[in-house]
Amino acid sequence: MSEVTFELSTPIYQGTEEIKTLTIKRPTLKIIKLIGTPFKVSAKEDEFDIRADRLAQYISKCCALPPSVIDDIDAYDYVQLAGVFAAFFDRSPAAATTN
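So, how was this worked out
Residues numbered from 1 in each chain as written. Predicted model: local features only at pLDDT ≥ 70, side-chain atom pairs only at ≥ 80, totals over all residues. Heavy atoms only, no water. Salt bridge = Lys/Arg side-chain N within 4 Å of Asp/Glu carboxyl O. Axes fitted to C-alpha atoms, helices over the stretch in contact; angles between N-to-C directions. Helix = DSSP H or I, 4+ residues; strand = E, 2+ residues; numbered from the N terminus. Parallel < 35°, antiparallel > 145°, perpendicular 65-115°, else oblique. Contact = heavy atoms within 4.5 Å. Nonpolar A, V, L, I, M, F, W, Y, C, P; charged D, E, K, R; others polar. Buried < 20%, exposed > 50% of the residue type's maximum accessible area, 1.4 Å probe, protein only.

S.K.: So what about the pattern of salt bridges? Which residues, and what values?
M.R.: This model, assessed by the stated rule, comprises one salt bridge. One salt bridge in this structure joins K20 and E18, with 3.6 Å as the shortest N-O distance.

Written as structure tokens, this is what we have:
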């Protein structure tokens, strides 16, 4: 799966264009090297911290939208998108079921 479609609960706008759905391309090593990882994993396997600035850059790059548009994403959608991006970095069975 090279792309994921994500329905926003609250639309965002690029100029006058309303955006209700994001098409997210899977991040590549090039993007990871450019931005760094969007999460910091703690010593406990099941805990991680979202690096908000990096995740916003991932959303911008992988959705081909400018940062100014991404900045308007609703907090609920942002947290849900964090889960989408976490799944890109985790191939465990638990991650596969959250997609």
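S.K.: A description of the packing of helix α2 (residues 52-63) against helix α4 (residues 75-88) should follow, citing residues and the corresponding values.
M.R.: One can describe the packing of α2 onto α4 by two numbers: an axis separation of 11 Å at closest approach and a directional angle of 75°. Relative to α4, α2 is oriented roughly perpendicular. Where α2 approaches α4, its residues A52, L55, A56, Y58, I59 and C62 are matched on the opposing element by Y78, L81, A82 and F85. Class assignment for the residues of the contact of α2 with α4 results in 10 nonpolar, no polar and no charged.

S.K.: Give me the side chain of S60: which residues, what numbers.
M.R.: Secondary-structure assignment places S60 in helix α2. Overall, S60 belongs to the buried group, its relative accessible area being 11%. The contacts of S60, once residues within four sequence positions are left out, are L65, P66, P67 and I70.

Limitation: the analysis is restricted to geometry and does not speak to function.
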